[in-house]
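In case you want the letters, here they are:
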Amino acid sequence: MLIAHLPSGYILGSLARGRGREGQGAMVAAMVGSVVPDIDMLYFHCVDGGRTHHHDYITHWPLFWFAIGLTSLVAGRLLGWSNLPAIGLFFAGAMLHMLLDTVASPIMWLMPFDRQAFELVTVPAAYRSWVLSFMLHWTFGFEILICAFALWLALRQSSRRTTVPQNGACVLIR
């Protein structure tokens, strides 16, 4: 995935808000969670020099996110935290990131117990630039669909919040 992680987080947050979860906090948590696994790109570029594929780092291990997510939710429940839905959405966003990466990139779903990587489709290096190879592969259309759906949701939600009266002023209807 190149461009669809943040829009997928927006979709996740929108669906959660539609089910009565917290408003902005839930949306922010879902969106941040959907991109946080790629924080490893800082290490990849600044320290590692690109020697190790960033999907080999712990931030791209689904069991890592599952374990700390479950631990956070259990601890939050025991401590009586009121923001459990946002915490859950943050970790759901991270797991959504893993699912989306699995479409066209290898993800080690059982790491650290097994280094076997899974991907649904292998994108061949058809061009000199790996980015171009990904963008011109049919799987990039899936990313475009995710982005288009997120845009549609945003426009739909925006039109529900405001209406334009005859004098042209916007009035909040929520």
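Conventions adopted
- Residues numbered from 1 in each chain as written.
- Predicted model: local features only at pLDDT ≥ 70, side-chain atom pairs only at ≥ 80, totals over all residues.
- Heavy atoms only, no water.
- Helix = DSSP H or I, 4+ residues; strand = E, 2+ residues; numbered from the N terminus.
- Buried < 20%, exposed > 50% of the residue type's maximum accessible area, 1.4 Å probe, protein only.
- Contact = heavy atoms within 4.5 Å.
- 1 Å grid on protein atoms, 1.4 Å probe; cavity = no way out; pocket = protein on both sides within 12 Å on 5 of 7 lines; lining within 4 Å.
- Points joined across faces, edges and corners; volume = space filled by probe spheres on them.
- Patch = residues over 30% accessible without salt bridge, like charges linked within 9 Å, V, L, I, M, F, W, Y side chains within 5 Å.
- Areas by Shrake-Rupley, 256 points an atom, 1.4 Å probe, with all protein chains shown as cover.
- Salt bridge = Lys/Arg side-chain N within 4 Å of Asp/Glu carboxyl O.
- Phe/Tyr/Trp six-rings, centres within 6.5 Å; stacked < 30°, edge-to-face > 60°.
- Nonpolar A, V, L, I, M, F, W, Y, C, P; charged D, E, K, R; others polar.

## A word on the overall build of the protein chain
No. 1: When helices and strands are tallied, the protein chain shows seven helices and two strands.
No. 2: Its helices and strands in sequence order give the protein chain the pattern α-α-α-α-α-α-α-β-β, from N to C terminus.
No. 3: Counting all 174 residues of the protein chain, 36% fall into the buried class.
No. 4: Taking contacts inside the protein chain between residues at least 6 apart in sequence as the whole, the part at least 24 apart equals 54%.

## A few points about empty space enclosed by the protein
No. 1: Under the defined criterion, the tally for this structure stands at one cavity of 30 Å³ or more.
No. 2: Of the voids in this model, the largest cavity is the one considered here, and its volume is about 50 Å³.
No. 3: Along the walls of the largest cavity sit Met1, Val103, Ala104, Phe134, Thr139, Phe140 and Glu143, which together make up its complete lining.
No. 4: Elements supplying a minimum of two residues to the lining of the largest cavity: α5 (84-104) and α7 (139-161).

## Topic: the side chain of histidine 97
No. 1: Tracing the chain through its elements places histidine 97 in helix α5.
No. 2: On the basis of relative accessible area, histidine 97 is assigned to the buried category, the value being 0%.
No. 3: Contact partners of histidine 97, with chain neighbours within four places excluded, come to His5, Ser34, Val35, Pro37, Asp38 and His60.

## Digging into a nonpolar patch on the surface
No. 1: Taken together, the side chains of Phe66, Leu70, Val74, Leu78, Leu79 and Trp81 present a nonpolar region at the surface, about 670 Å² in accessible area.
No. 2: Residue position: tryptophan 81 is located in the loop between α4 (62-79) and α5.
No. 3: On the accessibility criterion, tryptophan 81 (41% relative accessible area) is partly exposed.

## Focus on the packing of aromatic side chains
No. 1: Counted according to the given criterion, the structure contains seven aromatic pairs.
No. 2: Between the aromatic rings of tryptophan 65 and phenylalanine 91, the centroid separation amounts to 6.2 Å while the plane-to-plane angle is 50 degrees, which identifies the pairing as tilted. In this pair, tryptophan 65 sits in helix α4 while phenylalanine 91 sits in helix α5, placing the two residues 26 residues apart along the sequence.
No. 3: Consider the rings of phenylalanine 149 and tryptophan 152, whose centres lie 5.7 Å apart with planes at 20 degrees: the pair is stacked.

## A few points about the layout of surface pockets
No. 1: Taken as a whole, the largest pocket encloses approximately 450 Å³ of empty space.
No. 2: Listing elements by their share of the lining of the largest pocket, those giving two or more residues are α3 (40-46), α5 and α6 (130-135).
No. 3: No other element matches the three residues that α3 contributes to the lining of the largest pocket.
No. 4: Tallied by class, the residues present in the lining of the largest pocket amount to nine nonpolar, eight polar and three charged.

## Let's talk about unusual backbone geometry
Most peptide bonds are trans, and most residues other than glycine sit at a negative phi.
No. 1: A cis geometry characterises the amide bond from methionine 111 onward to proline 112, with omega recorded as 20 degrees.
No. 2: Relative to the helices and strands, proline 112 is located in the loop between α5 and α6.

Worth remembering: the numbers are spatial, not functional.
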